[in-house]
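So you can see what is in the structure, the chains are spelled out below.
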Amino acid sequence: AESALKNKVALEFNSNGIRSVYLKNNGILDPKLYKYPYVEFWKVISRFQKENPELIIVLNDDSHSTDYFNDQFTQVAYELAKSLDLKITDKLEF
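Conventions adopted
Residues numbered from 1 in each chain as written. Predicted model: local features only at pLDDT ≥ 70, side-chain atom pairs only at ≥ 80, totals over all residues. Heavy atoms only, no water. Helix = DSSP H or I, 4+ residues; strand = E, 2+ residues; numbered from the N terminus. Rg over C-alpha atoms; globule rule 2.2 N^0.38 Å. Buried < 20%, exposed > 50% of the residue type's maximum accessible area, 1.4 Å probe, protein only. Contact = heavy atoms within 4.5 Å. Areas by Shrake-Rupley, 256 points an atom, 1.4 Å probe, with all protein chains shown as cover. Lys, Arg positive; Asp, Glu negative; His and termini not counted. Charge placed at Lys NZ, Arg CZ, Asp CG, Glu CD. Phe/Tyr/Trp six-rings, centres within 6.5 Å; stacked < 30°, edge-to-face > 60°. Lys NZ or Arg CZ within 6 Å of the ring centre and 35° of its normal. pLDDT = per-residue confidence, 0-100.

1. Some details on the overall build of the protein
- Secondary structure summary: the protein contains four helices and two strands in total.
- Taken from N to C terminus, the helices and strands of the protein fall in the order α-β-α-α-β-α.
- Against the compact-globule benchmark of 12 Å for 94 residues, the protein has a radius of gyration of 13 Å, which places it among compact chains.
- The dimensions of the protein, computed from C-alpha atoms along their principal axes, are 40 × 25 × 20 Å.
- For the protein, buried positions account for 37% of its 94 residues.
- Counting only contacts in the protein whose residues sit at least 6 apart along the sequence, the fraction spanning at least 24 positions is 69%.
- A total of about 6,500 Å² of accessible surface is found on the protein, and carbon and sulfur atoms cover 52% of it.
- Of the side chains in the protein, 12 bear a positive and 14 a negative charge, and the two mean positions are spaced by 4 Å.

2. Observations regarding helix 2 (residues 16–24)
- By the burial criterion, the buried members of helix 2 are Asn16, Gly17, Ile18, Arg19 and Val21.
- Contacts from the buried residues of helix 2 go to strand 1 (11–14) and helix 4 (72–83).
- Positive backbone phi, approximately 50 degrees, marks asparagine 26, located one or two places after helix 2.

3. As for the packing of aromatic side chains
- Taken as a whole, this structure holds three aromatic pairs when the rule is applied.
- Taking the centre distance of 4.9 Å and the plane angle of 55 degrees together, the rings of tyrosine 22 and phenylalanine 73 count as tilted. With tyrosine 22 in helix 2 and phenylalanine 73 in helix 4, this pair connects stretches of sequence that are 51 residues apart.
- For tyrosine 22, a relative accessible area of 27% translates into the label partly exposed.
- Look at phenylalanine 41 and tryptophan 42: their rings are 5.0 Å apart centre to centre, the planes differ by 85 degrees, and that puts the pair in the edge-to-face class.
- Judged by relative accessible area, which is 39%, phenylalanine 41 ranks as partly exposed.
- Tryptophan 42 sits in the buried class, given a relative accessible area of 4%.
- By the ring-pair criterion, three or more aromatic residues cluster together here, those being Phe13, Phe41 and Trp42.
- Geometry around tyrosine 68 places arginine 19 over its ring, the cationic atom sitting 4.2 Å from the centre.

4. Some details on the confidence of the model for the protein
- Taken over all residues, the pLDDT of the protein has a mean of 91, while the share at 70 or more is 99%.
- By mean pLDDT, the top-scoring element of the protein is helix 3 (residues 39–51) (97), and the lowest-scoring one is helix 2 (88).

Have a look at this one:
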């Protein structure tokens, strides 16, 4: 997180791990099963972001198919990010 902040690089909260767990586990959505977004990592980032609000976090729906674009798993990812008190950037400025 410190390097991302220092170099103005966004961290990515990716929804595809949620989608993968759901598809591989017969419709189960359990954050403990997600390889990513890894909840324990994001808890640390959340604390860091509270002290460093300029840290950029983006949420990516990882659309390998157009069917995945802004799908239910992207929405689950937004809900999870919100529950972790992450501030997701919705617009990047260059």
